[in-house]
Amino acid sequence: MTKINDIITSAIQDRKGFDISILDLSNVDGAPTGQFIICSGKSTTQVSSIADNVREEVQKQTGEKPVNYDGYRNSQWIVIDYGDTMVHVFLPDTRHFYRLEELWSDAETIRIPDIE
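For clarity, every value in this text was computed on a predicted model and none was experimentally measured.

S.K.: Break down the side chain of T33 for me, with residues and values.
M.R.: Mapped onto the elements, T33 comes out in the loop between β1 (18–24) and β2 (35–40). When its relative accessible area of 9% is taken as the criterion, T33 is described as buried. In terms of polar contacts, T33 uses its side chain to reach the backbone carbonyl oxygen of G83, at 2.7 Å. A distance of 3.5 Å separates a polar atom in the side chain of T33 from the backbone nitrogen of T85. Ignoring any residue separated from it by four or fewer positions in sequence, one finds T33 in contact with L25, G83, D84, T85 and M86.

Listed below in structure tokens is the structure:
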């Protein structure tokens, strides 16, 4: 994993995010970015908290700000764009509905164990 992946996954885990997957899209034709980091939170408050912590930790540790982010209005799915890495923070039902892991099933997937 790259340094930014480590920072992002640690920031997710710090806020009790779960079901973390990293999809390597670098060899997938038509992919919008190099990789997705996908996780879930149990409530809209937790989804927002996870996304805030990712943005804060990445900026604190690398100085990098996201190119863009969206989804705070309803906090069912927040996406944070770091150019080559996009972070998706979902409510479980929303994640199941959009099924990004299935949509990009050609990607190599790394699953990060949940921290209890």
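Still to come is the rest of the account.
S.K.: Could you give an account of the packing of aromatic side chains, naming the residues involved and the relevant values?
M.R.: Each aromatic ring pair is summarised here by two numbers: the centre-to-centre distance and the angle between the ring planes. With the rule as written, the count across this model stands at 5 aromatic pairs. Considering the side-chain rings of F36 and W104, the 6.2 Å spacing of their centres and the 90 degrees angle between planes classify their relative orientation as edge-to-face. In this pair, F36 sits in strand β2 while W104 sits in the loop between α4 (100–103) and β6 (108–112), placing the two residues 68 residues apart along the sequence. Side by side, F36 and W104 carry an identical accessibility label, which is buried.

S.K.: Mind laying out unusual backbone geometry, listing which residues take part and the relevant values?
M.R.: Positioned with a positive phi, S75 is a non-glycine residue whose angle comes to about 55 degrees. The phi angle at R99 is positive, at roughly 45 degrees, despite the residue not being glycine. Tracing the backbone shows R99 in the loop between α3 (92–98) and α4.

S.K.: Please provide a residue-by-residue account of the environment of N27, values included.
M.R.: In this structure, N27 sits in the loop between β1 and β2. Classification of N27 as exposed rests on a relative accessible area of 71%. As for N27 and D14, which are separated by 13 residues in sequence, their C-alpha atoms are 30 Å apart.

S.K.: Got a sec to walk through helix α1 (residues 3–14)? Specific residues and values, please.
M.R.: For α1, built from 12 residues, the straight-helix expectation of 16 Å at 1.5 Å per residue is met to within 8% by its first-to-last C-alpha distance of 16 Å. Listed in full, the buried residues belonging to α1 are I4, N5, I7, I8, T9, A11 and I12. The inward-facing, buried residues of α1 contact β1, β2, α2 (44–62), β5 (85–90) and β6. Just past α1, the residue K16 takes up positive phi, approximately 65 degrees.

S.K.: An account of the pairing of β1 is requested, with residue identities and associated values reported.
M.R.: Looking at chain direction, β1 and β2 are connected through 5 bridges and run antiparallel. Across the sheet, residue I22 finds its bridge partner in β2, namely I37. As paired elements, β1 and β6 share 5 bridges and run antiparallel to each other. Pairing of I22 across the sheet is with I110, part of β6.

Calculation criteria
Numbering of residues begins from 1 in every chain and follows the order in which that chain's sequence is written. Restriction of local features to residues with pLDDT of at least 70 applies here, the model being predicted, together with a cutoff of 80 or more for giving and counting side-chain atom pairs; totals for whole chains, interfaces and linings are based on all residues. Excluded from the side-chain calculation are hydrogens and water; included are all heavy atoms of the structure. A run of H or I in DSSP becomes a helix once it reaches four residues, and a run of E becomes a strand once it reaches two; helices and strands are each numbered from the N terminus. When accessible area is computed with a 1.4 Å probe and restricted to protein chains, residues below 20% of their type maximum are described as buried, those above 50% as exposed, and intermediate ones as partly exposed. By the criterion applied in these results, polar contacts are pairs of N or O atoms within 3.5 Å in which, for protein atoms, one can donate a hydrogen and the other can accept it, and in which residues neighboring in sequence qualify only through two side-chain atoms. When checking whether two residues touch, look at their non-hydrogen atoms; a contact exists if any pair is within 4.5 Å. Two aromatic rings from Phe, Tyr or Trp, using only the six-membered ring of Trp, form a pair when their centres are within 6.5 Å; if the ring planes differ by under 30 degrees the pair is stacked, by over 60 it is edge-to-face, and anything between is tilted. Any helix carries an expected span of 1.5 Å times its number of residues minus one. DSSP-based pairing: two strands are paired if at least 2 bridges between them are found.

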